[in-house]
Amino acid sequence: MPGKIRALWYLCMVVIIAGFLVLAVRGEMGKASEQAEAAYQLAAEEQKKIAAKTIQIDPIKLVRELNAMGKYQEAADIARKAGERNPDHAQLQTWWGISLVKMGKRAEAIDHFILASKKDPTDEKAHLYWGLTLAMDEKFEDAIGHYRTVLEINPEHSNAYAYWGTSLSALGRLEEAVSKLEESLILNRFNSQAYEILIDVFSQQQKYERAWEMVHKARADNISLQQSFIDRLPEPVQSP
């Protein structure tokens, strides 16, 4: 109960009890009961009015905003408090875990992704960030398992394909990586990460012409690429 409502409720109760006692002393029990009931109803109505006006803050939205501002500890604290009040809320557990990842507490974060996936097996974000967290610790095969799960839940998840391709690239399975990254771009042709990793994979394969094709294609769609991916490419061969 919000503070204002609680204060109003307590004040009304004090008034009710005081009035009841005064009338009771005078021997007017019937009148006291009627006034007490009327006051109680009035307090209840006021409580409803104030509750209706009270702005309910979406904790998940707040956690997202705090993370976006780099206030990871505050985000984790909000997620913790909301999660304690709603222990079965899978999304709260997921966002709690995401905040912890951003703080570098990866092992602790995974505990929340596990809990979120148990509470809601269709929570694709829990599996996506679970995979990303494992990849940060170079557990790429385990990460790929979670990207697969994301795609079982949502077959059109472009980022899941991009992250899958990234892990395959890290494992040196370059042809498989190309396939997943191209699938990512089919689903979302503006996926900058898929472009960057695909350019890097082509560079590793020394397929520089294909790499430059991806650079030009991204630029044509006004997709911003990190310069480091382009700097690793040799200059394109000019036609005579």
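Residues numbered from 1 in each chain as written. Predicted model: local features only at pLDDT ≥ 70, side-chain atom pairs only at ≥ 80, totals over all residues. Heavy atoms only, no water.

Trainee: Looking at this structure, I do not really get the packing of helix α5 (residues 90–102) against helix α6 (residues 106–119). What am I missing?
Mentor: When two helices pack together, their arrangement is given by the angle between the helix axes and the distance between those axes. Two elements in contact, α5 and α6, have axes whose closest approach is 8 Å; the angle formed by their N-to-C orientations is 165°. It follows that α5 is roughly antiparallel to α6 by the angle criterion. Pair α5 / α6 crosses with left-handed handedness. Contacts between α5 and α6 pair Ala90, Gln93, Thr94, Trp96, Gly97, Ile98, Leu100 and Val101 from the former with Glu108, Ala109, His112, Phe113, Leu115, Ala116 and Lys119 from the latter. Considered class by class, the residues forming the contact of α5 with α6 number nine nonpolar, four polar and two charged. (Axes fitted to C-alpha atoms, helices over the stretch in contact; angles between N-to-C directions. Helix = DSSP H or I, 4+ residues; strand = E, 2+ residues; numbered from the N terminus. Parallel < 35°, antiparallel > 145°, perpendicular 65-115°, else oblique. Left-handed = near helix turned anticlockwise from the far one by under 90°. Contact = heavy atoms within 4.5 Å. Nonpolar A, V, L, I, M, F, W, Y, C, P; charged D, E, K, R; others polar.)

Trainee: Please clarify how the pattern of salt bridges should be interpreted in this entry.
Mentor: Pairing is possible between side chains that carry opposite charge, provided their charged atoms lie close to one another. Under the defined criterion, the tally for this structure stands at nine salt bridges. Between Glu84 and Arg80 there is a salt bridge, with the nearest N and O atoms lying 3.5 Å from each other. One end of the pair, Glu84, and the other, Arg80, are both in helix α4 (residues 72–85), four residues apart, so they sit about a helical turn from each other. Of the residues examined, Glu84 reaches a relative accessible area of 53% and is grouped as exposed. The exposure class assigned to Arg80 is partly exposed, which follows from its relative accessible area of 30%. Two residues, Glu141 and Arg173, come together in a salt bridge whose shortest N-O distance is 2.8 Å. In this pair, Glu141 is assigned in helix α8 (residues 140–153) and Arg173 in the loop between α9 (158–170) and α10 (174–187), connecting sequence segments 32 residues apart. When its relative accessible area of 28% is taken as the criterion, Arg173 is described as partly exposed. One network of salt bridges, in which partners are shared, links Glu141, Arg173 and Glu176. (Salt bridge = Lys/Arg side-chain N within 4 Å of Asp/Glu carboxyl O. Buried < 20%, exposed > 50% of the residue type's maximum accessible area, 1.4 Å probe, protein only.)

Trainee: What's the story with the packing of aromatic side chains in this structure? I'm lost.
Mentor: Describing an aromatic ring pair means giving the distance of the ring centres and the angle of the ring planes. Applying the stated criterion across every chain, the model contains two aromatic pairs. Residues Tyr147 and Tyr163 carry aromatic rings whose centres are separated by 6.0 Å and whose planes lie at 45° to one another, so their mutual orientation is tilted. Taken together, the residues Tyr147 in helix α8 and Tyr163 in helix α9 connect sequence positions 16 residues apart. What makes Tyr163 buried here is its relative accessible area of 14%. Pairing Tyr161 with Trp164 gives two aromatic rings, centres 6.3 Å apart and planes at 5°, and the pair type is stacked. Of this pair, Tyr161 and Trp164 both sit in helix α9, separated by three residues, roughly a single helical turn. Positioned over the ring face of Trp164 is Lys180, at 4.0 Å from the centre of the ring. (Phe/Tyr/Trp six-rings, centres within 6.5 Å; stacked < 30°, edge-to-face > 60°. Lys NZ or Arg CZ within 6 Å of the ring centre and 35° of its normal.)

Trainee: Mind showing me how you'd approach the side chain of Ser203 here?
Mentor: For Ser203, the position within the fold is in helix α11 (residues 192–204). Filtering out sequence-adjacent residues up to four positions away, Ser203 remains in contact with Tyr208, Ala211, Arg232 and Leu233.

Trainee: Would you mind showing me how to read the confidence of the model for the chain here?
Mentor: It should be kept in mind that the predicted coordinates are not to be read in detail where pLDDT is low. Per-residue pLDDT for the chain averages 84, and the proportion of residues at 70 or more is 76%. Residue range residues 20–25 is modelled with pLDDT below 50. Its contacts to residues more than four positions away, or to other chains, number eleven contacts. Note on residues 50–55: pLDDT is under 50 here. Beyond four places in sequence and across chains, it has five contacts. (pLDDT = per-residue confidence, 0-100.)

Trainee: Explanation requested: α8 in the structure shown.
Mentor: An α-helical segment advances 3.6 residues per turn. Residues three or four places apart therefore align on the same side. Here α8 spans 20 Å end to end across 14 residues, near enough to the 20 Å set by a 1.5 Å rise per residue. Inspection of α8 places Phe140, Ala143, Ile144, His146, Tyr147, Val150 and Leu151 among the buried residues, and these make up the whole buried set. Along the long axis of α8, the arc covered by the buried residues comes to 160°, so they all point the same way. On its buried side, α8 packs onto α7 (124–136) and α9. (Expected span 1.5 Å × (residues − 1). Arc of directions from axis to C-beta.)

Trainee: Got a minute to help me understand the environment of Arg64 in this structure?
Mentor: Along the chain, the position of Arg64 falls in helix α3 (residues 59–68). A relative accessible area of 38% means that Arg64 is categorised as partly exposed. For the pair Arg64 and Trp95, spaced 31 residues apart in the sequence, the C-alpha separation amounts to 7.6 Å.

Trainee: Sorry if this is basic, but what is going on with unusual backbone geometry here?
Mentor: Glycine aside, residues mostly have negative phi, and peptide bonds are mostly found in the trans state. Located in the positive-phi region is Glu138, a residue other than glycine, with phi close to 65°. Within the secondary structure, Glu138 sits in the loop between α7 and α8. By relative accessible area, Glu138 is classed as exposed at 62%. Phi angles above zero are rare outside glycine, and Gln206 is one such case at about 60°.

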